[in-house]
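One-letter residues, chain by chain:
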Amino acid sequence: MLRITDARTGEPIDAVPARRSLTRIEAHVERDDLSALRVLLVADVLARTLELGGTPVVTVADPPAELRARADALGIRRAEGDRSGAGPALHVLVPGATAVEGIRVEVAPVRGTADPALLRMVLLAAPRRQPVDFATADLDGARETLARWRKSVATWATRPSKPVPERVRQELRAAWEDDLDVPAVLEVLRRVEHADDVPDGARFETYAYADRLLGLELTRDIGAQR
């Protein structure tokens, strides 16, 4: 069960009262800037996390058209529904924003500019309550890691299939169910990448499974000419 820190109290709380209970995720955005884009991204990853745990989700947002286009480019799924819908609500917003009753999932601001192809990777690599400044972010490292992982996944896909090792599955779930700790998910993938006891086929399945949460298109290059 996902435990999330409620910014109202600073305490961890169950994200939903019960599994399989329809949950509304409301992303509060008004401006077209990177901080608002990060709000939409966190709402998207939060929805993916709950869905992986078997909880049905409806995401609500009304971004400006320019922000919607930028979100589409990052693979952020379009929101649906309306704010009057039934069910418990999780409000994803920047600090200081107002919201109706419900759990507040706060997202720190973003400064600077970066290659759109790297935005999702860089923002996922930082804890959501940690501000991001692209002037000091490791953009080269993010670019190299993303390219290497996509190439490796394409290679691993040609090997005999093996299931995700159960201990690795548990590590991934423990990470993303612990206050949506996406940086810890990425760290699990880094360990699996070099683990001597994980066959290539299992590496492929692990990365494909984790990418259901990350949305980094890690399987994009499968079958591409090399």
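Preceding block: the structure.
Worth saying up front: this structure is predicted, and the values here are computed from it rather than measured. (Residues numbered from 1 in each chain as written. Predicted model: local features only at pLDDT ≥ 70, side-chain atom pairs only at ≥ 80, totals over all residues. Heavy atoms only, no water.)

Q: Go over the overall build of the chain with me, naming the residues and quoting the values.
A: The helix and strand tally for the chain stands at 7 helices and 8 strands. With respect to the three principal axes, the spread of C-alpha positions in the chain is 50 × 40 × 30 Å. Looking at the chain as a whole, 48% of its 226 residues are labelled buried. Sequence-distant contacts in the chain: of pairs separated by 6 or more residues, those separated by 24 or more amount to 67%. (Helix = DSSP H or I, 4+ residues; strand = E, 2+ residues; numbered from the N terminus. Buried < 20%, exposed > 50% of the residue type's maximum accessible area, 1.4 Å probe, protein only. Contact = heavy atoms within 4.5 Å.)

Q: Run through the sheet that holds strand S4 (residues 57–60), naming residues and quoting values.
A: With parallel pairing, the 4 strands of this open sheet are ordered in space as S4-S3-S5-S6. Edge positions in the open sheet fall to S4 and strand S6 (103–106), since each of these has one partner strand only. Across the sheet, the axes of successive neighbouring strands diverge by a mean angle of 20 degrees, strand direction being ignored. Each of strand S3 (23–27), S4, strand S5 (89–93) and S6 is contacted by helix H1 (residues 34–52), which is oriented at about 165 degrees to S3, the strand it contacts most. (Pairing = 2+ DSSP bridges. Axes fitted to C-alpha atoms, helices over the stretch in contact; angles between N-to-C directions.)

Q: Describe the pattern of salt bridges, listing the residues and the values that go with them.
A: Side-chain pairs of opposite charge can arise where the charged atoms are in close proximity. Counted under the stated rule, the structure contains 25 salt bridges. Between Glu187 and Arg190 there is a salt bridge, and its shortest N-O distance comes to 3.6 Å. Here the residue Glu187 and the residue Arg190 both occupy positions in helix H6 (residues 182–194), the gap between them amounting to 3 residues, near one helical turn. A relative accessible area of 36% places Glu187 in the partly exposed class. In this structure, a network of salt bridges that share partners links the residues Asp44, Arg48, Glu51, Arg77 and Arg120. (Salt bridge = Lys/Arg side-chain N within 4 Å of Asp/Glu carboxyl O.)

Q: Give a detailed account of the packing of helix H4 (residues 139–156) against H6, specifying residues and quantitative values.
A: Direction vectors running N to C along H4 and H6 enclose 50 degrees, while the axes themselves pass 13 Å from each other. As summarised for this structure, H4 and H6 are arranged oblique, according to the angle between their axes. Pair H4 / H6 crosses with left-handed handedness. Along the contact surface, H4 presents Arg148, Trp149 and Trp156, while H6 presents Leu186, Leu189, Arg190 and Glu193. Along the lines of polarity and charge, the residues of the contact of H4 with H6 split into 4 nonpolar, no polar and 3 charged. (Parallel < 35°, antiparallel > 145°, perpendicular 65-115°, else oblique. Left-handed = near helix turned anticlockwise from the far one by under 90°. Nonpolar A, V, L, I, M, F, W, Y, C, P; charged D, E, K, R; others polar.)

Q: Just give me the short version of the pairing of S4, but keep the residues and values in it.
A: Along S4, one buried face is formed by Val57 and Thr59 and the opposite face, lined by Val58 and Val60, is buried too. Of the strand pairs in this sheet, S3 and S4 are connected by 4 bridges, and their pairing is parallel. Across the sheet, Thr23 pairs through a bridge with Val57, a residue of S4. Taking the sense of rotation as the criterion, the β-α-β connection linking S3, H1 and S4 turns out right-handed. (Right-handed = clockwise from strand over helix to strand, strands pointing away.)

Q: A description of the packing of H6 against helix H7 (residues 200–214) should follow, citing residues and the corresponding values.
A: Any two packed helices are characterised by the angle at which their axes cross and by the distance between the axes. Contact geometry for H6 and H7: axes closest at 10 Å, N-to-C directions at 165 degrees. Of the possible angle classes, the one that applies to H6 and H7 is roughly antiparallel. In this structure, the crossing between H6 and H7 has a hand that is left-handed. Residues Val182, Val185, Leu186, Leu189, Arg190, Val192, Glu193 and His194 of H6 pack against Arg203, Thr206, Tyr207, Ala210, Leu213 and Leu214 of H7. Of the residues belonging to the contact of H6 with H7, the class tally is 9 nonpolar, 2 polar and 3 charged.

Q: Explain the pairing of S5 to me, and be specific about the residues and the numbers.
A: In terms of burial, S5 is a largely internal element, 5 of the 5 residues being buried. Side-chain alternation along S5 places Ala89, His91 and Leu93 on one buried face and Leu90 and Val92 on a second face that is also buried. Both S5 and S6 contribute to a ladder of 4 bridges, which runs parallel. Opposite Leu93, over in S6, you have Glu106 as the bridge partner.

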